[in-house]
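An overview of the molecular structure
Spelled out, the chains give:
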Amino acid sequence: MQKISAYILAFNEAEKIADAVSSVLWADEIVVADSGSTDRTAAIAQSLGARVVQLPFDGFGDLRNRAIAECRHEWIFSLDSDERCTAEVRDEIFALLSSPPDHDAYLVPRRNYMMGRWIKGSGWYPNFRQPQLFRKGAMRYDHDPVHEGYELLTERPLGRLQSAIWQLPFRNLEEVVNKMNRYSSLGMRKLSGKRVSMGGALGHGLWAFIKHYVFKHGYRDGWAGFVIALGNFEGTFSRYAQRYEETRAWSAPPTPPLRRPPALTPASMEPATGPAERPAPTSSSPR
């Protein structure tokens, strides 16, 4: 069977990286593309046998291309630190590569879990990102900072696996807010050159909420579906509002220097009416 490199993107993922690496121990090589983590991410990955490479972060598209260049084998399996390969996906990959496959790149469905449940609505199932199994050289990513696209470099069409990996996108509700803020700041770059307004930011945010909660059936997932829709509202509104802030270039009003007033002196305390008038002299008539 042809050899497989698995690569994992990571940044300060000490709580997740062990499970991600452990789920691809079947690969012939595991490459963890770290971007200067300040926690134990790199040490944990190395302890499990992964090769850690330090790559600067200049958007996810650029980072993925750099990670692919670090892989040594012909076939590549892409995993993020919040994703887990399953035994079913592993076995399907083995069966696929045991003979010449029909495609050079394959989409892999993802089953997302949040707030203790499998999310079936909100557009989260079946959920695909870029091809996660592909022959090296068959594709490359564009340089979008987030939600990066890709370009196929082969004439063969995309294939699709039947089995699903797991994704655990948020460890807790605090991470929902932090991740949405990070992604909105990165996504703001995509709005470069566009004219936006605060009203437009609100409209885009409301549409993101309605789209995920109503049209993508997020309401079926209870509170988890509501939180997902609310997170999409926050992230979308913030992205457009930050772009509006950038175009306005607001600044604080000027602050003149304030110094201590001159000390009061006795002279300054004299009345302003001038010297007091002397009474007119009185005269007595001689008798």
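Residues numbered from 1 in each chain as written. Predicted model: local features only at pLDDT ≥ 70, side-chain atom pairs only at ≥ 80, totals over all residues. Heavy atoms only, no water.

Considering the sheet that holds strand 2 (residues 29–34)
Backbone hydrogen bonds are what pair the strands of a sheet, in a parallel or an antiparallel way. Filter applied, for reference: The pairing criterion for strands is at least two bridges between them, as found by DSSP. Strands here mean DSSP runs of E at least two residues long; helices mean DSSP runs of H or I at least four residues long; both are numbered from the N terminus. Only heavy atoms matter for contacts: two residues are in contact if any of them lie within 4.5 Å across the pair. To obtain each axis, a line is fitted to C-alpha atoms, and for helices this fit is confined to the stretch in contact; angles are then taken between N-to-C directions over 0 to 180 degrees.
With respect to topology, 7 strands assemble into an open sheet ordered 3-2-1-4-9-6-12, the strand pairing being mixed. Every interior strand has two partners, whereas the edge strands, strand 3 (51–54) and strand 12 (159–160), have only one. For strand 6 (residues 105–107) and strand 9 (residues 133–135), the ladder comprises 2 bridges, and the chain directions are antiparallel. Counterpart to alanine 105 in the pairing with strand 9 is phenylalanine 134. Packing against the sheet, helix 4 (residues 87–97) makes contact with strand 1 (4–10), strand 4 (75–80), strand 6 and strand 9, and its axis sits at approximately 165° to strand 4.

Observations concerning the side chain of arginine 110
The line we're drawing: For each residue, the accessible area found with a 1.4 Å probe, counting protein chains only, is set against the maximum for its type, and the residue is called buried under 20%, exposed over 50%, and partly exposed in between. Pairs of N or O atoms are called polar contacts if they sit within 3.5 Å, as long as, within protein, a hydrogen donor faces a hydrogen acceptor (for residues adjacent in sequence, only side-chain-to-side-chain pairs).
Tracing the backbone shows arginine 110 in strand 7 (residues 110–114). Given a relative accessible area of 8%, arginine 110 falls into the buried group. Polar contacts involving the side chain of arginine 110 include one to the side chain of glutamate 83, which spans 2.7 Å. Reaching out from arginine 110, the side chain makes a polar contact with the side chain of glutamine 167 at a distance of 3.4 Å. If near-sequence neighbours (up to four positions away) are discounted, arginine 110 is found in contact with Glu83, Trp124, Tyr125, Asn127, Arg129, Gln132, Ala164, Ile165 and Gln167.

Topic: the pairing of strand 2
When a strand is regular, its side chains alternate between the sheet's two faces. Where we set the bar: Think of it like this: strands point away, you trace from the first strand over the helix to the second, and a clockwise trace means the crossover is right-handed.
Within strand 2, 6 of the 6 residues are buried, which leaves it mostly tucked inside the rest of the structure. Side chains Glu29, Val31 and Ala33 project from strand 2 onto one buried face, and the interleaved Ile30, Val32 and Asp34 project onto a second face that is buried too. The pairing of strand 1 with strand 2 spans 6 bridges and is classified as parallel. Its bridge partner lying in strand 2, tyrosine 7 is registered against valine 31. Between strand 1 and its parallel partner strand 2, the chain crosses via helix 1 (residues 17–22), and the hand of that crossover is right-handed. A crossover connection joins strand 2 to the parallel strand 3 through helix 2 (residues 41–47); in handedness this β-α-β unit is right-handed.

Some remarks on unusual backbone geometry
Each neighbour pair has its own omega, and for tyrosine 125 with proline 126 the value is -10°, a cis peptide bond. Assignment of secondary structure puts proline 126 in the loop between strand 8 (117–118) and strand 9. Notably, serine 122 is not glycine yet its phi reads approximately 65°, a positive angle. By secondary structure assignment, the location of serine 122 is in the loop between strand 8 and strand 9.

Examining the pattern of salt bridges
Any two side chains of opposite charge can pair, so long as their charged atoms come close to each other. Counted only if it meets this: By definition here, a salt bridge exists when the distance from a side-chain nitrogen of Lys or Arg to a carboxyl oxygen of Asp or Glu is within 4 Å.
The final tally for this structure, using the stated rule, is 14 salt bridges. Salt-bridge contacts for aspartate 62 lead to arginine 66; the nearest nitrogen and oxygen are separated by 2.8 Å. Of the two residues, aspartate 62 and arginine 66 both sit in helix 3 (residues 60–70), 4 residues apart, roughly one turn of that helix. Note on arginine 66: relative accessible area 38%, which makes it partly exposed. As a salt-bridge pair, glutamate 83 and arginine 129 come within 3.0 Å of each other at their nearest N and O atoms.

Let's talk about the sheet that holds strand 5 (residues 83–84)
Spatial ordering of the open sheet is given by 5-13-7-8, a layout of 4 strands whose pairing is mixed. Strands at the two margins of the open sheet, each flanked by one partner only, are strand 5 and strand 8. Here strand 7 runs beside strand 13 (residues 165–167); their pairing, made up of 3 bridges, is parallel. Across the sheet, residue arginine 111 finds its bridge partner in strand 13, namely tryptophan 166.

Examining the packing of aromatic side chains
To describe a pair of aromatic rings, one takes the distance between the centres and the angle between the planes. Heads up, the condition is: Pairs were defined over the aromatic rings of Phe, Tyr and Trp, the Trp ring being its six-membered one, requiring ring centres within 6.5 Å. Orientation was assigned from the angle between planes: stacked under 30 degrees, edge-to-face over 60, tilted for the rest. Note on geometry: a ring has a charge over it if NZ (lysine) or CZ (arginine) is within 6 Å of the ring centre and within 35 degrees of the ring normal.
Inspection of the entire model under this criterion finds 14 aromatic pairs. Between phenylalanine 57 and phenylalanine 60, the aromatic rings sit 5.0 Å apart at their centres with planes inclined by 75°, giving edge-to-face as the arrangement. For phenylalanine 57, a relative accessible area of 30% puts it in the partly exposed group. Judged by relative accessible area, which is 11%, phenylalanine 60 ranks as buried. Linked through ring pairs, Phe209, Tyr213, Tyr219, Trp223 and Phe226 together constitute an aromatic cluster. Lying over the aromatic face of phenylalanine 128, arginine 160 brings its terminal NZ or CZ to 4.5 Å of the ring centre.

Some points on helix 6 (residues 198–215)
Applied cut-off: Multiply 1.5 Å by the residue count of a helix minus one, and that product is the helix's expected span. In this context, the arc is that of the directions from the helix axis out to the C-beta atoms.
Between its terminal C-alpha atoms helix 6 stretches 24 Å, which fits the 26 Å expected from 18 residues at 1.5 Å a residue. Listing the buried residues of helix 6 in full gives Ala201, Gly205, Ala208, Phe209 and His212. Considered in projection along helix 6, the buried side chains sweep an arc of 95° and stay on one side of the axis. Seen from the open side of helix 6, the exposed residues pointing more than 90 degrees away from its buried face are Gly199 and Phe215. Residues of helix 6 that are buried in the fold lie against helix 7 (222–248). The first or second residue beyond helix 6 is histidine 217, which carries a positive phi of 65°.

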